[in-house]
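Observations on the model geometry
Read off the chains here:
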Amino acid sequence: MTAYDVIVLAGGAAKRLGGADKPGVRVGGRALLDRVLAACDGAARTVVVGDRRPTARPVLWTREVPQGGGPLAALGAGLRLTTADHVLVLSADLPFLGPGTVHALLAAAVQPGREGALCTDPDGRDQPLVAAYRAEPLRRELALIATEHGNLAGLPLRLLTAELDLARVEAGPDAAFDCDTWDDIAAARARIREHGAVLDEWITSVKNELGIDLDVDTGVLLDLARDAAHGVARPAAPLTTFLVGYAAARASAGAGPDEAAAAVAEASRKATALALRWEAEAAEAAKAPEPAESAGQRGDAAGGPTGGAKPETGREGTGTP
């Protein structure tokens, strides 16, 4: 993939959110800024234009001059800290941006004669803050705009994009979805809990929270949990998957992500086979006839070992036999 730096603009006033700290608003348990950073973790250098805050991975911080000077001023400030030939430019409020969109933008930006590429939303509108640019023409145009207007503060992004030869990338309805209002935040939070997406969202969030860079076959783990629950007992499902993870960690200690993923698959295979053996034994036991009781173990309706009256037993302390 094309080498690139990334600039994330995270210094807006968020007026439609009542001045809330928008980059820090959580969707799916992760700050919006961290969700964006996860989509572009292949960047050689990551520059965030905004106030410093804890982030999921290391970044370089800067601010536009003057603060609140708008996206062009912020872009100019971030560009001064980049060195790559291509620069990804993103806003910090894109909850559904993924690596696939990043790769598509970079691939389009390196086409002969192009000076960059930007996303278009489902209505065909350009999204200049979901874009990849060649650094040299980007610097050139920013310098020309600053010379013409005196500085970059308060100027719209269309002054920049109108002067560049940009490819358009249709990345689907979610890639350019941004969170400008609380209704947008609510919609994003609801969307990640939809049935078709919730497991992927949850696994991604857990891996980011735990600092795990590991791609595993979640289907294998879900099948293992099912087999443990059905073949052994319901509480066996989470306990078994924990033990599989522990065994895989020991087996792949010091190895890379590919070896770790293979260790998870192998441990899952062994545990699944064991659970299926337990299930087979339980099925055999359910089909087997009950063992006949011996005569000495079977009492009749009267309660005696061989029928007839139950013999009297002596009472303690009476002397009767």
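Scroll up to find the structure this text is about.
Notes on the structure follow. (Residues numbered from 1 in each chain as written. Predicted model: local features only at pLDDT ≥ 70, side-chain atom pairs only at ≥ 80, totals over all residues. Heavy atoms only, no water.)

Some points on the overall build of the chain
Check the secondary structure of the chain and you find 11 helices and 9 strands. By residue count, 39% of the 321 residues in the chain fall in the buried class. If you sum the accessible surface of the chain, you get close to 18400 Å²; carbon and sulfur atoms cover 54% of it. (Helix = DSSP H or I, 4+ residues; strand = E, 2+ residues; numbered from the N terminus. Buried < 20%, exposed > 50% of the residue type's maximum accessible area, 1.4 Å probe, protein only. Areas by Shrake-Rupley, 256 points an atom, 1.4 Å probe, with all protein chains shown as cover.)

Section: a nonpolar patch on the surface
Residues Val-198, Leu-199 and Leu-222 make up a contiguous nonpolar surface patch of roughly 240 Å² in combined accessible area. Looking at the element boundaries, Val-198 is found in helix 8 (residues 198–210). (Patch = residues over 30% accessible without salt bridge, like charges linked within 9 Å, V, L, I, M, F, W, Y side chains within 5 Å. Salt bridge = Lys/Arg side-chain N within 4 Å of Asp/Glu carboxyl O.)

Examining the packing of aromatic side chains
For the coordinates displayed, the defined rule picks out 1 aromatic pair. Relative to Phe-177, the ring of Phe-96 lies with its centre 5.8 Å away and its plane at 55 degrees, an arrangement referred to as tilted. Placement of the pair is Phe-96 in the loop between strand 6 (86–91) and helix 3 (99–109) and Phe-177 in the loop between helix 6 (172–175) and helix 7 (182–191), with a sequence separation of 81 residues. Over the ring of Phe-177 we find Arg-191, and its NZ or CZ is 4.8 Å from the ring centre. (Phe/Tyr/Trp six-rings, centres within 6.5 Å; stacked < 30°, edge-to-face > 60°. Lys NZ or Arg CZ within 6 Å of the ring centre and 35° of its normal.)

Section: the pattern of salt bridges
Using the criterion set out here, one finds 16 salt bridges in the structure. Measuring nitrogen to oxygen at the nearest pair gives 2.7 Å for the salt bridge that ties Arg-114 to Asp-165. With Arg-114 in the loop between helix 3 and strand 7 (116–120) and Asp-165 in the loop between helix 5 (158–161) and strand 9 (166–170), the pair connects residues that are 51 residues apart, well separated along the chain. In this structure Arg-114 comes out as partly exposed when scored by relative accessible area, which is 29%. Among the salt bridges present, the one from Arg-125 reaches Asp-121, with a minimum N-O distance of 3.0 Å. What makes Asp-121 buried here is its relative accessible area of 11%. Sharing partners across several salt bridges, the network here consists of Lys-22, Asp-93 and Asp-180.

Description of the packing of helix 9 (residues 218–231) against helix 10 (residues 236–251)
Relative orientation of the contacting elements helix 9 and helix 10 amounts to 135 degrees, with a least axis distance of 8 Å. When the interaxial angle is binned, helix 9 and helix 10 end up oblique. When you trace helix 9 past helix 10, the crossing you get is right-handed. Every residue of helix 10 that contacts helix 9 at Leu-221, Leu-224, Ala-225, Ala-228 and Ala-229 is listed here: Ala-236, Ala-237, Thr-240, Thr-241 and Val-244. In the contact of helix 9 with helix 10, the residues fall into 8 nonpolar, 2 polar and no charged. (Axes fitted to C-alpha atoms, helices over the stretch in contact; angles between N-to-C directions. Parallel < 35°, antiparallel > 145°, perpendicular 65-115°, else oblique. Left-handed = near helix turned anticlockwise from the far one by under 90°. Contact = heavy atoms within 4.5 Å. Nonpolar A, V, L, I, M, F, W, Y, C, P; charged D, E, K, R; others polar.)

A few points about helix 1 (residues 32–39)
With 7 of 8 residues buried, helix 1 is to be regarded as a mostly interior element. Within helix 1, burial applies to Leu-32, Leu-33, Asp-34, Arg-35, Val-36, Leu-37 and Ala-39.

Some thoughts on helix 11 (residues 257–287)
Relative to the 45 Å expected for 31 residues at 1.5 Å per residue, helix 11 spans 45 Å between its end C-alpha atoms, a close match to the ideal helical length. Those residues of helix 11 lying buried are Ala-260, Ala-263, Val-264, Ala-267, Ser-268, Ala-271, Thr-272 and Ala-275. Elements that come into contact with the buried residues of helix 11 comprise helix 9 and helix 10. (Expected span 1.5 Å × (residues − 1).)

Let's talk about the environment of Leu-155
As for its position among the elements, Leu-155 is in the loop between helix 4 (135–149) and helix 5. Spatially, the C-alpha atom of Leu-155 lies 8.2 Å from that of Gly-69, the residues being 86 residues apart in sequence.

Regarding the pairing of strand 6
Counting buried positions along strand 6 yields 6 of 6 residues, so the element is predominantly enclosed. Of the two faces of strand 6, the one holding His-86, Leu-88 and Leu-90 and the one holding Val-87, Val-89 and Ser-91 are both buried throughout. Here strand 1 (residues 5–9) pairs with strand 6 via 5 bridges, running parallel. Bridge pairing in strand 6 links Val-8 to Leu-90. By the bridge criterion, 5 bridges tie strand 6 to strand 8 (residues 126–134) in an arrangement that is antiparallel. (Pairing = 2+ DSSP bridges.)

Comments concerning the sheet that holds strand 1
Taken in spatial order, the 7 strands line up as 5-4-1-6-8-7-9 in an open sheet, and their pairing is mixed. In the strand order of this sheet, the two ends are held by strand 5 (60–62) and strand 9, each with one partner. Taken pair by pair, the neighbouring strands of this sheet meet at an average axis angle of 25 degrees, ignoring direction. In this structure, strand 7 lies alongside strand 9, joined through 5 bridges in parallel fashion. Its bridge partner lying in strand 9, Ala-117 is registered against Ala-167. Across the face of the sheet, helix 2 (residues 71–79) comes into contact with strand 1, strand 4 (46–49), strand 5 and strand 6 while running at roughly 145 degrees to strand 1.

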